[in-house]
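The residues making up each chain are set out below.
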Amino acid sequence: MRTESNGQLRAIVTGCCEEPFRVLGVQRSGPGGAGCVVRAFRPHAEAMTLLAGESRLEMSLCDSEGIFEVVLPEDVCRGLEDGPLPDYRFELAWPGGHTEIVDDPYRFGPVTAQEILDEFSDSGLPRVHEFLGARTLVHQGVAGTCFAVWAPGAASVGLMGEFNGWDARVHPMRRRGESGVWELFVPGVETGALYKYEVLTDPDAAAEAAPVETTTGKGKRGKVRGRTGRAGRKRPIRQKPERLAKADPVGFAAEVRPATASKVWDLEGFAWEDVDWMAQRPSVHASDAALSIYEVHLGSWRRRPGMADGDPAGWLSYRELAEQLLPYVKDLGFTHVELLPVTEHPLDASWGYQTVGYFAPTSRFGSPDDFKYLVDSAHRLGLGVILDWVPAHFPRDPHGLAQFDGTHLYDHEDPRRGSHPEWGTQIYDYGRAEVRSFLVSSALFWLEEYHVDGLRVDAVASMLYLDYAREKGEWLPNEFGGRENLEAIAFLRRLNEHVHTAVPDALIFAEESTAWPKVTHAPADGGLGFDMKWKMGWMNDTLSVMQTEPERRSELHDKLTFSIMYTFQERHLLPLSHDEVVHLKRSLLTKMPGTRTQQMANLRLLFGYMWAHPGRKLLFMGGELGQLAEWNHDSQIEWDRLSEPDHAGIQEMVRALNLLYRSDAALHELALAPEGFEWIDHTDAKNSVIAFLRRATDWHDFVVVVANFSARRLEDYRVGVPFEGEYRVIFDTEDPVFTGSASRANPPGSEDRQEVHYQTAAAVAHGKDCSLTLSLSPLSVLYLKRV
C-alpha cells in the first residue's frame, strides 16, 4: 500500500524530513481514505504491533533501518477524512526480549492555534513561553509534553532526548506554516525528561540571511543583507547543511553545567504562600518607601564547610540559601535581596551575565521549584527579590542562541551591529519582532511565574549606543546618521510598558552609566520608562574621593557636591556593587588609604555618607564585613573576619544604618524629590566638610547630616540649622559600638543608650539665624535630629 516515494522515506531515516506528518502516523492511500496505512520509525526495534481496541495488527518492516507500517482495516479508515484520527498504540519489541507500549505522536493534531503563531511572526507577542518551550499538558485527552521551537531558517528540526535514545530521527517536528515555529506533542513525556533540538540548517536560508559583500564607488567593501545576483555584489559561498544540537531557548529547566540539555518541567506544581507580601508590595515599592538592597552572588556568599574553592559540591542549594541567606539579610535590615543573574549560563566565571537559558533558573543550586521556594521564603520574611537580567547580549556557546538555525536568528547579521567587541558576545537584533517578544516574555516570565519583585537590566548603555566599545569605522550609524540605537531604544520602552501594564508594582532598574536623558521618565514623555537608574556617576565620584589621601581631598571637593546637581533629574539608586570589587579593583576596605584603623574609619564614613545621600541603596555582599580580599566567585566572603571587633563593628553599623534609614521618614520619604534635600554648606573645601538636611513630607521633620572627609578632628565646628532648640546625635560613624573612636550615642535600639545633645546658639551661620557648634571626629559622619 505504500504510496510514499523512497525519497520521502529516506528523509525520515536520514533525519531531514520537513513534513513528517505526511509520512508517519495514519496516511490515506486512496480516494476517500480507503485503504489506510499507519507508519512509524523505530530504529533498533525488532518488531512492532499496532494496538487498536481489542485488535492487534502486526506491522511489517519495510525499511531495513526501522520503518514499520501496517494497513488498517477498511472500517477503521472509512470516514477518516471527516472524523477523528483512530486511537491506537504501538507495542515495541526490543533486543533482549524487552517490550514497551508507546503512543504515536503522529496521530495528534497541532497544539497551538495557527493564529497565535502568525501573530507572533507578524508583530510579536509578550508571552512566548505560553506556546514555545516544553509544556506539560493534556492534548486530545492524553498527557504528554508539547515541544515547540522557533527556527525559521531550518530545513528540518528533530527532537531528541532520553525518551528516544537521543535519536532525533525518531521525532521529527512539524513546521507550523510560515511562522518559523516547529512543534510536536509527545505523549507520555513527563517532568524531568532531558531533551535537545537537532536543527538541520538550510543553506538557502543561511545564504538569504547572510551579509553580502559589496564594493562601493571608492573601492571600499561593506556588507548588506540579502542574496542577490546584481552587479557589484558577491553571493556568499553556499555552505553544506549542518546538524546543530541546541538547548531550548524557552526551556524551563536545564542540566547542571557542563552538561547542556534542557529539562522538561511542570511549572504548575508549586504552592505559593506569599499572598500577604504580594498584597502589600505596592506600598513597599512606593516612591516614598525605604529601599535598601543586598546584592548577592549565590555561589559565593557562603559555601559548605570543608569544600575547596571552585568545587561545585560547596554550593548551597536554593533551599539552603532560603534558610541561611534570607534571615541574614533580614537581620541586617535590608528590604530586598538582589541576585546576580540566576538565568542558566554555561560558565561560572561569567557570574551569569552570559546567559543561555532566559527562562530557566540555573540548575547549579536546584530545581525551578527550589528557586520558587527561595523567592517564596523571602516574601514570607518580608524581603523583596530582584534579579539581574541581561537583554544586551548573549554568548556564542554552540548549544545556545548563536546561529540557532544556521542563520543570525537572534542577533544582527552585520558584525558591526551584531558582535560585541568588548565581551566577545552577540548583540540582539532588537528590530525583529520575534526577538523582542522573546526578551519581553523572559522579563514577564520571571515577574509573573516566579513572583520576583523587580529586574535590574544589565548594560543598558551598551544597548543605547551603536558605537559602544567600538572605534571609528567599526560601527554603523542609524538611519539619521547618529550613534543612537533606535531599535534598542524602542525595545526598552516597549519592555517597560509591557511590564508596568502587566505587573504595575514591579520595579525595573537600569544599569545605565552615561548621561542619557530621561531614563526614568515615561515613554510618553520621551523617556525610557525605567523605575530607577543606578547612579554610576555618584559611585565613581565618591570612590575617587575616598581612595584619595585625606589631605588631598580638598582638591576633589566638587566631586562630593556635584552629584546633587543631577540627583533629582532621575529616580536614582546608589550602588556599591560587585563591579567595584573585582578585576584588581580591590575590596571596598582596601581601596581606602592609610593604616587599617584609618581604612576602617574611611569605610564607615563611606557608608554613613551613602545612607544619608538622597536615593535608594545597594551594597554587594562582603562590604558589610569590611572584608580584605577582592571578591572571588569560587570562594566565599570572609566570614571569619567577624571574629575581629573592627569588622564586626562595620557589620553592626550597616545594620544600624538600615534600621535608621527605614524608621526615620526624613531619610526616605522624599529621597527621590528635591523637596527632601537642602544644602547647609557645600563650600568648605578647605576642611573637606559637607553639611545638608534631609527632610520628610512634614517640613519640621528633618535630619542634619555633617560629614568630615578630612583626617583632622574639628572642634567647635559651626553649622546653621533651621530651628533653634536642642539637637541630639542619632547616628555617628565613630560610635564605639562600631569600634569608632568617639564617645558618642549608641545606635538606635541600644538599651544602655547615652545620647549626645547639642543646644543651638543665636549665631548666624549658613544663612540660618541659629546654629550648632559641633565636635567632628576625623573621617566621620554625624546625623542629628531636633528634640
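Preceding block: the structure.
I will try to describe carefully the structure that is included in this document.

### Looking at the sheet that holds strand β5 (residues 67-71)
Across the sheet, which stays open at both edges, the seven strands sit in the order β1-β2-β5-β4-β3-β6-β7 with antiparallel pairing between neighbours. With partners counted over all chains shown, the strands left at the sheet margins are β1 (25-28) and β7 (99-103), one partner each. Direction aside, neighbouring strands of the sheet carry axes that sit 30° apart on average. Relative to strand β2 (residues 36-41), β1 runs antiparallel, the two being bridged by four bridges. Considered in β2, the bridge of V26 is made with V38.

### Some remarks on helix α16 (residues 596-612)
Relative to the 24 Å expected for 17 residues at 1.5 Å per residue, α16 spans 24 Å between its end C-alpha atoms, a close match to the ideal helical length. Extensive coverage of α16 is indicated by the burial of 14 of its 17 residues.

### A word on the pattern of salt bridges
This structure, assessed with the given rule, holds 42 salt bridges. For R281, the salt bridge identified is with D453, shortest N-O distance 2.8 Å. Taken together, the residues R281 in helix α5 (residues 275-284) and D453 in the loop between α9 (433-449) and β26 (454-457) connect sequence positions 172 residues apart. D453 sits in the buried class, given a relative accessible area of 0%. Close ionic contact of R304 with E320 constitutes a salt bridge, the shortest N to O distance being 2.5 Å. One end of the pair, R304, is in the loop between β19 (292-296) and α6 (318-331); the other, E320, is in helix α6, and 16 residues separate them in sequence. Given the relative accessible area of 29%, R304 is considered partly exposed. Each of R10, E65, D167 and R169 takes part in a single network of salt bridges with overlapping partners.

### Section: the packing of aromatic side chains
Counted according to the given criterion, the structure contains 48 aromatic pairs. Residues F371 and W446 carry aromatic rings whose centres are separated by 6.1 Å and whose planes lie at 85° to one another, so their mutual orientation is edge-to-face. Here W446 lies in helix α9 and F371 lies in helix α7 (residues 368-380), a separation of 75 residues in the sequence. On the accessibility criterion, W446 (0% relative accessible area) is buried.

### Re the sheet that holds strand β30 (residues 616-620)
With respect to topology, eight strands assemble into a closed barrel ordered β19-β20-β23-β26-β27-β28-β29-β30, the strand pairing being parallel. Within the sheet, the average angular offset between the axes of one strand and its neighbour, ignoring direction, is 25°. For β19 and strand β20 (residues 336-339), the ladder comprises four bridges, and the chain directions are parallel. By the bridge assignment, I293 is partnered in β20 with H336. Helix α12 (residues 536-546) contacts β28 (532-534) and β29 (572-576) of the sheet and is inclined by roughly 40° relative to β29.

### What to know about the nonpolar core
The biggest cluster of nonpolar side chains holds 188 residues, and the ones touching the most others in it are W301, F607 and Y783. The residues contacting F607, other than those within four sequence positions of it, are L576, L588, L619, G623, I650, M653, V654 and L657. One finds F702, Y717, V721 and L774 within the second-largest nonpolar core, a separate group that totals 21 residues.

### Examining α12
Burial analysis of α12 places eight of its 11 residues in the buried class, the great majority of the element. Restricting attention to buried positions, one finds in α12 the residues M536, W538, M539, D541, T542, L543, V545 and M546. Contacts made by the buried residues of α12 are with β28, α13 (557-561), α14 (563-566), β29, α15 (588-591) and α16.

### Concerning the side chain of N164
On the secondary structure map, N164 appears in the loop between β10 (154-161) and β11 (174-176). In terms of polar contacts, N164 uses its side chain to reach the backbone amide nitrogen of G161, at 2.9 Å. A polar atom in the side chain of N164 sits 3.0 Å from the side chain of H171. In this view, N164 contacts L159, V170 and H171; residues no more than four positions away in its chain are not counted.

The rules behind the values
Every chain is numbered independently, its residues counted from 1 as its sequence is written. Per-residue local features are limited, in this predicted model, to residues with pLDDT of at least 70; the limit for side-chain atom pairs, both in listing and counting, is 80 or more; totals at the level of whole chains, interfaces and linings are taken over all residues. Processing note: side-chain calculations cover all non-hydrogen atoms of the structure and skip hydrogens and water entirely. Strand pairing is assigned whenever DSSP detects at least two bridges linking the two strands. Only runs of H or I of at least four residues qualify as helices and only runs of E of at least two qualify as strands under DSSP, and these elements are numbered from the N terminus. Angles here are taken between N-to-C directions and fall from 0 to 180 degrees, while the axes themselves are lines fitted to C-alpha atoms, restricted in helices to the stretch in contact. What a helix is expected to span follows from its residue count: subtract one and scale by 1.5 Å. Per-residue accessibility, obtained with a 1.4 Å probe over protein chains only, is compared with the maximum for each type, and a residue is labelled buried under 20%, exposed over 50%, and partly exposed between these values. Counted as salt bridges are all cases of a side-chain nitrogen of Lys or Arg within 4 Å of a carboxyl oxygen of Asp or Glu. Note on aromatic pairs: the rings of Phe, Tyr and Trp (six-membered ring only in Trp) are paired at centre separations within 6.5 Å, and the planes decide the class, stacked below 30 degrees, edge-to-face beyond 60, tilted for the rest. The contact definition used throughout considers only heavy atoms, calling two residues in contact when any of these lie within 4.5 Å. Residues belong to one nonpolar core when they are buried, are Ala, Val, Leu, Ile, Met, Phe, Trp, Tyr or Cys, and are joined through side-chain atoms within 4.5 Å. Under the rule applied, a polar contact is a pair of N or O atoms within 3.5 Å (in protein, one hydrogen donor and one hydrogen acceptor; residues adjacent in sequence only if both atoms are side-chain atoms).

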